[in-house]
Amino acid sequence: MNDLHTLPKAELHLHIEGTLEPELAFELAAKNGVVLPHESVEELRRQYDFEDLSSFLALYYATMAVLRDASDFERLTRAYLERAAAQGLRHVDVFFDPQAHTVRGVALGTVIDGIRAALDAARAELGLTSTLLLCFLRDRPAAEAGQLFDSLGEQLPRIDGIGLDSAEVGHPPALFEEVYARARAAGLHVVAHAGEEAGPEYVREALDVLRVERVDHGIQCLQDPELVDRLVAEQVPLTVCPLSNVRLRVVDTLADHPVLDMLERGLLVTVNSDDPAYFGGYVGDVFQGLRDALGLTDEQAAALARNSVDASFAGTERRREIH
Ligand code: ES4
Ligand code: ZN
């Protein structure tokens, strides 16, 4: 059997703030004089028993309050990249949530300086390439997303694309049509979360209105056979996150997860960790979990790894190099 941790692969759905392990959270809280509403690392970990997406998001936004200066973002990102490289990751498209930091007084430049420093170092030291994707929070006003995009200025060339995340139901993709059009006109990559908790109509809107290149999650497409046919025909990459789906109770158990059926059905599926510090594992652990729970074969593992590289924003040359 193949060693899943050495299979060359890419990660396409990873929120850098979701890589904040409790140990680092407490260390940064002490450094920055931030009080976490938990007694200890163990008590914080005990909170990781989520009901749904919004119960997770509440803890995710509260805990990231320990991130204050550029060195905090750099440490966070470095720690993730080291784990990623150790599990066979050769490229990663990294999401970050600027509004979750600017609303608490941390400047956008500070956030990007820290993350970028770590991404650049990983390229040189670990041979791990990356892109940086700015996510708009869909449960905040679309006008705020537009203002954020306008305010990018000298930061614009430091990002590679945009995404859309946070609480999905009631915040459909079409609300963000204008800012997506501007991002596309600026030559940025465009992706969006759709079909995680909300239905197939959100996936259609992301494709037709936002004109995304990939759909993040997308698993609710399975409710709509016509949409599945379209996603197969157009080979739209889906960044599926099996451990996330189980922890947020979108799917009952890993053994019930449809990801391998989706692969066999001809969908361009990739597997990803989403928020690995919160959901029980990094990408290598996701592959291992699928082997243990669903009997992932070597051929399926190779197909998922190949898809992840093909659907990444690594660029033609780099994709060829990784294969
Ligand atoms: C997220 Cl799992 C998930 N879904 C939507 N938005 C998010 N932000 C961070 N993790
Ligand atoms: Zn996500």
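The rules behind these values
For every chain, the first residue of its written sequence is number 1, and the numbers climb from 1 along that sequence. Chain A is the first chain written and ligand 1 is the first ligand written, with later ones labelled in order. Thresholds applied to this predicted model are a pLDDT of at least 70 for local features of residues and 80 or more for the giving and counting of side-chain atom pairs; totals over whole chains, interfaces and linings are not thresholded and use all residues. The secondary structure listing takes helices from DSSP runs of H or I that are at least 4 residues long and strands from runs of E that are at least 2 residues long, numbered from the N terminus. What the globule rule says is 2.2 Å times the number of residues to the power 0.38, and the radius of gyration is computed from C-alpha atoms. Any residue whose C-beta has 12 or fewer other C-beta atoms within 10 Å is treated as exposed, any with 20 or more as buried, and any in between as partly exposed, C-beta atoms being built from the backbone. Here contacts are defined at the residue level, using C-beta atoms placed from the backbone and a cut-off of 7 Å between them. Two strands make a pair as long as DSSP finds a minimum of two bridges between them. Working definition: the arc comes from the directions between the helix axis and the C-beta atoms, pointing outward to the latter. UniProt positions are given in the numbering used here, feature names are shortened, and annotations may be inferred rather than shown by experiment. Residue count minus one, scaled by 1.5 Å, sets the expected span of a helix. For every element, the axis is a line fit to its C-alpha atoms; helices are fit only across the contacting stretch, and the angle between N-to-C directions ranges from 0 to 180 degrees. Working rule for handedness: look at the near helix, and if it is turned counterclockwise from the far one by less than a right angle, call the crossing left-handed; if clockwise, right-handed. The nonpolar class holds Ala, Val, Leu, Ile, Met, Phe, Trp, Tyr, Cys and Pro. Asp, Glu, Lys and Arg form the charged class, and all remaining residues, Gly among them, are polar. Whether a residue is near a molecule or strand depends on its C-beta atom, generated from backbone atoms, being within 6 Å of that molecule or strand. The predictor rates its confidence in each residue with pLDDT, a number between 0 and 100.

Engineer: Could you clarify how one ought to interpret the overall build of the chain in this entry?
Structural biologist: For the chain, the helix and strand inventory stands at 16 helices and eight strands. For 323 residues, the compact-globule estimate of 2.2 N^0.38 gives 20 Å, and the C-alpha radius of gyration of the chain, at 18 Å, lies within 12% of that figure. The principal-axis extent of the C-alpha atoms belonging to the chain is close to 50 × 45 × 40 Å. Taken across its 323 residues, the chain has 47% of its residues classed as buried. Sequence-distant contacts, at least 24 apart, represent 75% of the contacts inside the chain between residues at least 6 apart.

Engineer: How do you make sense of the pairing of strand β2 (residues 89-96) when you look at a structure like this?
Structural biologist: It is a general feature of regular strands that their side chains alternate between the two faces of the sheet. When you tally the buried positions in β2, you get eight out of eight residues, the bulk of the element. Relative to β2, strand β1 (residues 9-15) runs parallel, the two sharing five bridges. Among the inter-strand pairings, L14 is bridged to a residue of β2, identified as V94. The pairing of β2 with strand β3 (residues 129-137) spans six bridges and is parallel. Considered in β3, the bridge of D93 is made with T131.

Engineer: I'm lost on helix α8 (residues 177-185) in this one. Help?
Structural biologist: Quick reminder: α-helices carry 3.6 residues per turn. Residues three or four places apart thus point the same way. Considered for burial, the residues of α8 that qualify are V179, Y180 and A183. Taken end-on, α8 shows its buried residues confined to a sector of 100 degrees, consistent with a single buried face. Of the residues flanking the end of α8, it is G187, one or two places downstream, whose phi is positive at about 85 degrees.

Engineer: How do you make sense of the UniProt feature "site: Important for catalytic activity" (unreviewed entry) in the chain when you look at a structure like this?
Structural biologist: UniProt tags H217 as "site: Important for catalytic activity" (unreviewed entry). Along the polypeptide, H217 turns up in strand β6 (residues 214-217). On the neighbour-count criterion, H217 (27 C-beta atoms within 10 Å) is buried. Other than its neighbours up to four places away in sequence, H217 contacts H193, A194, G195, E196, T239, V240 and C241.

Engineer: How should the environment of A25 be read in this particular structure?
Structural biologist: Topologically, A25 is positioned in helix α1 (residues 22-32). The spacing of A25 and V41 is 16 residues in sequence and 8.4 Å in space, taken between C-alpha atoms. The residues contacting A25, other than those within four sequence positions of it, are L20, L36, L44, T63 and V66.

Engineer: Before we go on, may I ask you to explain helix α6 (residues 108-126) in this structure?
Structural biologist: Given a rise of 1.5 Å per residue, 19 residues ought to cover 27 Å, and the 26 Å separating the end C-alpha atoms of α6 matches this to within 8%. Among the residues of α6, those classed as buried are V111, I112, G114, I115, A118, L119 and A122. Projected down its long axis, α6 shows its buried positions confined to an angular sector of 165 degrees, all on one face. The exposed residues of α6 that point more than 90 degrees off its buried face are D120, A124 and E125. Of the surrounding secondary structure, the elements contacted by the buried residues of α6 are α4 (70-86), β2, α5 (98-102) and β3. G127, located one to two residues past α6, shows a positive phi value of around 65 degrees.

Engineer: What exactly am I supposed to notice about the UniProt feature "binding site: substrate" (unreviewed entry) in the chain here?
Structural biologist: Annotation from UniProt places "binding site: substrate" (unreviewed entry) at D275. Dropping the residues within four chain positions of it, D275 is found in contact with H15, G18, Y60 and S244.

Engineer: Is there a simple way to explain the sheet that holds β1 in this structure?
Structural biologist: Note on sheets: strands pair through backbone hydrogen bonds, and any given pair is parallel or antiparallel. Overall, parallel pairing links the eight strands, which are arranged β1-β2-β3-β4-β5-β6-β7-β8 in an open sheet. Looking along the sheet, the strands with just one partner apiece sit at the ends: β1 and β8 (268-271). Mean inter-strand twist for the sheet, computed between neighbouring axes without regard to direction, equals 25 degrees. Pairing geometry for strand β4 (residues 161-165) and strand β5 (residues 189-194), over two bridges, is parallel. Looking at β5, one finds that I162 is bridged to V190.

Engineer: Can you walk me through the packing of α4 against α6 in this structure?
Structural biologist: A pair of packed helices can be characterised by two numbers: the angle between their axes and the separation between those axes. Remark: α4 packs on α6, axes separated minimally by 7 Å, with the N-to-C direction vectors making an angle of 35 degrees. Between α4 and α6 the crossing geometry is right-handed. The residues of α6 that touch α4, namely those facing A70, S71, D72, F73, E74, T77, R78, L81 and A85, are T110, V111, D113, G114, I115, A117, A118, L119, A121, A122 and L126. When the residues that make up the contact of α4 with α6 are grouped by side-chain class, the tally is twelve nonpolar, four polar and four charged.

Engineer: What am I meant to see in unusual backbone geometry here?
Structural biologist: Most peptide bonds take the trans form, and the phi angle of most residues other than glycine is negative. A positive phi angle, near 55 degrees, is found at R211, a position not held by glycine. Secondary-structure assignment places R211 in the loop between α9 (200-208) and β6.

Engineer: Even after reading the chapter, I still don't get the site of ligand 1, so can you show me in this structure?
Structural biologist: Every residue close to ligand 1 is listed here: H15, G18, L53, Y60, D165, S166, H193, E196, S244, D274 and D275. Classifying every residue of the shell around ligand 1 by side-chain character gives two nonpolar, five polar and four charged.

Engineer: Sorry if this is basic, but what is going on with the confidence of the model for the chain here?
Structural biologist: In regions of low pLDDT, the predicted coordinates are not meant to be interpreted in detail. Counting all residues, the mean pLDDT for the chain is 97, and 100% of those residues have values of 70 or more. Model confidence for the complex: the whole-complex pTM is 0.98, and ipTM, which rates the interface, is 0.98.

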